[in-house]
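# Reading the structure
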Amino acid sequence: MSSGPHRIAVLALDQVVGLDLGTPSQVFSTARGVDDQYRYDVRVCTPGGRPVLSTAGFQVLPDHGLELLDTADTVIVPGIHDGATLTSGTIEPEVAEALRSAYARGARIMSICTGAFVLAAAGLLDGRRATTHWAYAEPFRLLYPRVDLDPDVLFIVDDRVLTSAGVAAGIDLCLHVIRLDHGSEIANRAARRCVMPPWRDGGQAQYIEQPVPRATDASTAAAREWARQRLHEPIALRDLAEQARMSVRTFTRRFRLETGLSPAQWLLRQRTDHARLLLETTDLTVDQIARRCGFGTTAALRQQLHQRIGVAPSTYRRTFHPREELTRA
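Residues numbered from 1 in each chain as written. Predicted model: local features only at pLDDT ≥ 70, side-chain atom pairs only at ≥ 80, totals over all residues. Heavy atoms only, no water.

### Here's the deal with the nonpolar core
- Judged by nonpolar contacts, the single largest core of 36 residues is most densely connected at Leu11, Leu99, Ile109, Leu119, Leu125 and Phe140.
- For this core, the secondary-structure elements that each account for two or more residues are β1 (6-11), β5 (74-77), α3 (93-104), α4 (115-121) and α5 (137-143).
- No other element matches the six residues that α3 contributes to this core.
- Non-local contacts of Leu99, meaning those with residues more than four positions away in its chain, are made with Leu11, Leu69, Val75, Val77, Ile109, Val118, Leu119, Ala122 and Leu124.
- Formed by 28 residues, the second largest nonpolar core is a distinct cluster that contains Met110, Cys174, Leu175 and Ile186. (Core = buried A, V, L, I, M, F, W, Y, C linked by side-chain atoms within 4.5 Å. Buried < 20%, exposed > 50% of the residue type's maximum accessible area, 1.4 Å probe, protein only. Helix = DSSP H or I, 4+ residues; strand = E, 2+ residues; numbered from the N terminus. Contact = heavy atoms within 4.5 Å.)

Set out below in structure tokens:
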């Protein structure tokens, strides 16, 4: 790896999604420490250094060819909206070789949206968990049956291969990478500069096209806010329904339409996310955090955090707490 700023190569292919292409440069350029020094150096390349056409109606005129991947610490493939990679699962041999070589020498490989098709075509997702835009899930499964596709999440980290869902989920993944590389303080500052939350609730299910509820229907928003203020208390489904002045059956149906989750799933995510925040920003013991977030016991918090992000509370705190000397629970 480089001794200076972390080197990121963004590989733009023909019909690159404009927003996906700009996301890495925008997000990673906001990652600066208290010294205001840039933590990342982001550059764009294309096969042969040739111009490529974006879906936004402009051409990308890069300064680099595929040789940029030879020295990159991280390679990011933005989404594409047309071409053989989406329809038949093929990519240019030199692109596949450059991606495989970058991974083999230790680079981190990422995709945004349908960029996962490119990684899969290069063979980098075989046997791995991955995600892509929910609207492309079925074509992806047909083309790449050896990939364990999960279209319900915003992003997936599988060792050094990271994939994200559509468009804005690329921002979520970039912020997560900053958090992994430099901790929560720099990542949270970057999120504020991007006018984004440090992490978003839920997965892609809340964004999948659904029938639009009638404008006269009541919302569950007030009940959700009521619950957020009482995460330390037991909260029953009937309590939530009463706050929304709905029957339990109507509330449950409406809640899923609005959030893509059941009330129980949503509440568990809120408690887990609040626990993550407390682990990052306080020196409360894990037991105290478990009680404040409504888990009751340390074991329950540990189980849920491990299911959600794959680590124990103490490990998460060591990774993301800004202080060097931490209280070990």
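### Details of the pairing of β5
- Residues Thr74 and Ile76 of β5 are buried on one face, and the alternating residues Val75 and Val77, pointing to the opposite face, are buried as well.
- When β1 meets β5, the two strands line up parallel, connected through three bridges. When the bridges of β5 are listed, Ala9 appears paired with Val75.
- Where β5 and strand β6 (residues 108-111) come together, four bridges link them in parallel fashion. By the bridge assignment, Ile76 is partnered in β6 with Met110. (Pairing = 2+ DSSP bridges.)

### What to know about the side chain of His6
- Here His6 shows up in strand β1.
- Within the structure, His6 has its side chain in polar contact with the side chain of Arg108 (distance 3.4 Å).
- Ignoring anything within four residues of it in the chain, the contact list for His6 reads Arg39, Tyr40, Asp41, Asp73, Thr74 and Arg108. (Polar contact = N/O pair within 3.5 Å; in protein donor to acceptor, adjacent residues only side chain to side chain.)

### Focus: the environment of Asp14
- In this structure, Asp14 sits in the loop between β1 and α1 (18-28).
- A sequence separation of 32 residues divides Asp14 from Thr46, and the C-alpha atoms of the two residues are 8.6 Å apart.
- Looking at Asp14, its side chain comes within polar contact range of the main-chain nitrogen of Leu53, at 3.0 Å.

### Section: helix α11 (residues 263-281)
- Taking 1.5 Å as the rise per residue, α11 with 19 residues should run 27 Å; its terminal C-alpha atoms sit 27 Å apart, in good agreement.
- Within the span of α11, buried status applies to Pro263, Trp266, Leu267, Gln270, Arg271, Thr272, Asp273, Ala275, Arg276, Leu278, Leu279 and Glu280. (Expected span 1.5 Å × (residues − 1).)

### Examining helix α6 (residues 168-182)
- With 15 residues, α6 should reach 21 Å at 1.5 Å per residue; the first-to-last C-alpha distance of 21 Å fits that figure.
- Buried residues dominate α6, accounting for eleven of its 15 residues.
- Turning to α6, its buried residues are Ala169, Gly170, Ile171, Asp172, Leu173, Cys174, Leu175, His176, Val177, Ile178 and Arg179.
- At the exit of α6 stands Gly183, carrying a positive phi of roughly 90°.

### Observations concerning the pattern of salt bridges
- Under the defined criterion, the tally for this structure stands at 17 salt bridges.
- Linking Arg224 and Glu258 is a salt bridge whose minimum nitrogen-to-oxygen distance equals 2.8 Å. You can see Arg224 sitting in helix α8 (residues 221-228) and its partner Glu258 sitting in helix α10 (residues 248-259), a full 34 residues away along the chain.
- We classify Arg224 as buried; its relative accessible area is 15%.
- One salt-bridge network, in which partners are shared between bridges, spans Arg224, Arg254 and Glu258. (Salt bridge = Lys/Arg side-chain N within 4 Å of Asp/Glu carboxyl O.)

### A few points about the packing of α6 against helix α7 (residues 184-193)
- α7 packs onto α6 with a crossing angle of 155° between their chain directions and a minimal axis gap of 7 Å. Taken together, the axis directions place α6 and α7 in an arrangement best described as roughly antiparallel. Between α6 and α7 lies a crossing of right-handed hand. The residues of α7 that touch α6, namely those facing Leu175, Ile178, Arg179 and His182, are Ser184, Ile186, Ala187, Asn188, Ala190 and Ala191.
- Split into classes, the residues belonging to the contact of α6 with α7 amount to six nonpolar, three polar and one charged. (Axes fitted to C-alpha atoms, helices over the stretch in contact; angles between N-to-C directions. Parallel < 35°, antiparallel > 145°, perpendicular 65-115°, else oblique. Left-handed = near helix turned anticlockwise from the far one by under 90°. Nonpolar A, V, L, I, M, F, W, Y, C, P; charged D, E, K, R; others polar.)

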